[in-house]
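Survey of secondary and tertiary structure
Given next are the chains, with one letter for each unit.
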Number of protein chains: 2
Amino acid sequence: MADDPKDQRPLRADARRNRERILDAAAVVFARDGLEASLDAVAAEAGVGVGTVYRRFPEREMLVTELFTAKIDSFVELAEECAAMEDPWQGLVRFLSEASRRQGEDLAFREIVLGPGATSEMMDMPRQRLAPIVGRMIEGAKANGDLREDFDVLDVPLVEIMLARLNDLTGRVSADLWRRMLTVVIDGLRRDRDQATPMPVDPIRPLDYAAAITNARR
Amino acid sequence: MADDPKDQRPLRADARRNRERILDAAAVVFARDGLEASLDAVAAEAGVGVGTVYRRFPEREMLVTELFTAKIDSFVELAEECAAMEDPWQGLVRFLSEASRRQGEDLAFREIVLGPGATSEMMDMPRQRLAPIVGRMIEGAKANGDLREDFDVLDVPLVEIMLARLNDLTGRVSADLWRRMLTVVIDGLRRDRDQATPMPVDPIRPLDYAAAITNARR
DNA sequence: ATAGAAGCGGAGGAATTCACTCCGCTTTGT
DNA sequence: ACAAAGCGGAGTGAATTCCTCCGCTTCTAT
């Protein structure tokens, strides 16, 4: 094992600058187009040549890893924080809300967290890290009598998928609209309740709806 | 206006046969791939040459119109039936359930009903036909004190989008899974309630979840 | 200041995918 | 049995994507 070929020489100043620009651009493009985003699109967004992208990140995997490792860890942390909250129901509510927000904002992130999007070994199976934590939240909330008994751990990603999808379509036009449906879902998750929780956002307006659906990508 | 060039001569027997095969195939392919489905894929599914498809349906629009006009009318009828039900809340529940099912089963249909997918004038704006009918349902259910006051007509397509999306991902593996979330949403729509409605389907099993997400298209 | 290493842009090759045409052969109806 | 109608699918052209290559530019160390 002679000298490791990575990190041998520090990058030249302009190269370091470009590397940052590529990462920033990739964050935007991957969030918009998902894990299959074209690297040509990243180059364009970054304002550099495609060659530069491929020189710095010969494998798409490197770019993905660099971009999402921290984000995933922070997501697991979020789950842990929520699971540690005093009131398990409040923890679950906060988790569903924050998780849906983060996933709604970043398509690639969603593909990684919800599916086996990243085939990498590095950040493998965020789901497997999350399942036990979310499981604790759910058991706690059921034990307290707040959460309906028939709710299951694997319903959590379903909620996230639904709400994130909503944000895909309407986010440009009404950034928080998905929270209306989050409110409905959360009210639906309670074992029993008197009043409905007021929705935190106004309904979408007809013209905005039309615009949202028209410009929808796929 | 001499003789109209359409329906001039009856199709030859083999042509009529192939036309049917193409329509059947197109139903499958459009349901799966949406309105942008490749006509080559339709030909393959039908087991005919692409030439045959283009000869019979020179404009994609013709194929779409032929396939979906009846389906759309039947959908509007559904809404009318539901709006006419004695108990407005039950009508709304039935509509949400049946609408989500139909849209979950057919991606192209969903694109037409929810968005301005069909640019055609023939079946134009199913939304505009639906809005007043659905509006009546909602007002009725609110007046009866069953539906939460802050629910809006334009929240209805949002519910449909969410649930149909769920079925896109999980339908192959667990055909009725989306009904779990429908139950949650419906419970969330009640103004107040004691018990949660029991979910009508078992949770997805971990291996099925993995399979569903792995094979997900797009 | 300058030589040489490091880095850059982006044209362009190869592969894929889709819409749509064309024409030699086959099937049908009379 | 023969003309008209229909058929298949190879093939053209236009996009789109990945990725390489190489002449030119910029940086850094001396």
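About the cut-offs
Residues numbered from 1 in each chain as written. Chains lettered and ligands numbered in written order. Predicted model: local features only at pLDDT ≥ 70, side-chain atom pairs only at ≥ 80, totals over all residues. Heavy atoms only, no water. Helix = DSSP H or I, 4+ residues; strand = E, 2+ residues; numbered from the N terminus. Buried < 20%, exposed > 50% of the residue type's maximum accessible area, 1.4 Å probe, protein only. Contact = heavy atoms within 4.5 Å. Areas by Shrake-Rupley, 256 points an atom, 1.4 Å probe, with all protein chains shown as cover. Least-squares fit on C-alpha atoms with pLDDT ≥ 70 in both. Near = heavy atom within 4 Å. Polar contact = N/O pair within 3.5 Å; in protein donor to acceptor, adjacent residues only side chain to side chain. Nonpolar A, V, L, I, M, F, W, Y, C, P; charged D, E, K, R; others polar. Axes fitted to C-alpha atoms, helices over the stretch in contact; angles between N-to-C directions. Parallel < 35°, antiparallel > 145°, perpendicular 65-115°, else oblique. Left-handed = near helix turned anticlockwise from the far one by under 90°. Expected span 1.5 Å × (residues − 1).

1. Things to note about the overall build of chain A
Summing up its helical and strand segments, chain A has 10 helices and 0 strands in all. Counting the 218 residues in chain A, one finds 50% classified as buried. By sequence separation, contacts in chain A at least 24 residues apart represent 65% of the contacts at least 6 residues apart. Accessible surface for chain A amounts to roughly 10,600 Å². Of this, 49% is attributable to carbon and sulfur atoms.

2. Considering the relation of the copies chain B and chain A
For the match of chain B to chain A, the screw axis carries a shift of 0.0 Å, the RMSD comes to 0.1 Å, and the turn is 180°. In symmetry terms, the pair is related by a two-fold rotation axis. Residue B:G188, judged by its C-alpha, is the member of chain B lying nearest the rotation axis, at 1.8 Å. Looking at the interface residues of chain B, 100% of them are also at the interface in chain A, so both copies use one shared face.

3. A closer look at the protein's contact with DNA strand D
The full set close to DNA strand D counts 23 residues, and A:R60, B:R12, B:N18, B:T52 and B:R55 are the nearest of them. When the atoms of DNA strand D within 4 Å of the protein are sorted by group, sugar and phosphate make up 61%. A distance of 3.2 Å separates a phosphate oxygen of DNA strand D from a polar backbone atom of A:L39. Of all the elements in the fold, those that place two or more residues in the surface near DNA strand D are α1 (13–33), α2 (39–46) and α3 (50–56) of chain A together with α1 (13–33) and α3 (50–56) of chain B. Ranked by residue count, the leading element in the surface near DNA strand D is α3(B), at 5 residues. Considering only residue class, the surface near DNA strand D consists of 9 nonpolar, 5 polar and 9 charged.

4. Quick word on the packing of helix α5 (residues 88–105) of chain B against helix α9 (residues 178–189) of chain B
Residues and elements named next belong to chain B. Close contact between α5 and α9 brings their axes to 11 Å; oriented N to C, the two are set at 150°. In this view, α5 runs roughly antiparallel relative to α9, as classed from their interaxial angle. Crossing angle aside, the handedness with which α5 passes α9 is right-handed. Of α9, the residues touching α5 (which contributes W89, V93, L96, S97, S100 and R101) are W178, R179, L182, I186 and L189. Of the residues assigned to the contact of α5 with α9, the class counts are 7 nonpolar, 2 polar and 2 charged.

5. Remarks on helix α8 (residues 155–170) of chain B
Because an α-helix completes one turn every 3.6 residues, residues spaced three or four positions apart along the sequence face the same direction. Between its terminal C-alpha atoms α8(B) stretches 23 Å, which fits the 22 Å expected from 16 residues at 1.5 Å a residue. With 16 of its 16 residues buried, α8(B) lies for the most part within the structure.

6. Looking at the protein's contact with DNA strand C
Lining the immediate surroundings of DNA strand C are 23 residues, of which A:R12, A:N18, A:T52, A:R55 and B:R60 lie closest. Sugar and phosphate atoms form 62% of the subset of DNA strand C atoms that lie within 4 Å of the protein. Between A:R12 and DNA strand C, the recorded distance is 2.4 Å, taken from a side-chain N or O atom to a base nitrogen. Between DNA strand C and the protein, one listed contact pairs a phosphate oxygen with a side-chain N or O atom of A:N18 at 2.5 Å. Of all the elements in the fold, those that place two or more residues in the surface near DNA strand C are α1 and α3 of chain A together with α1, α2 (39–46) and α3 of chain B. Tallying contributions element by element places α3(A) first for the surface near DNA strand C, with 5 residues. Among the residues making up the surface near DNA strand C, the classes are represented as 9 nonpolar, 5 polar and 9 charged.

Nothing here speaks to function; it is geometry throughout.
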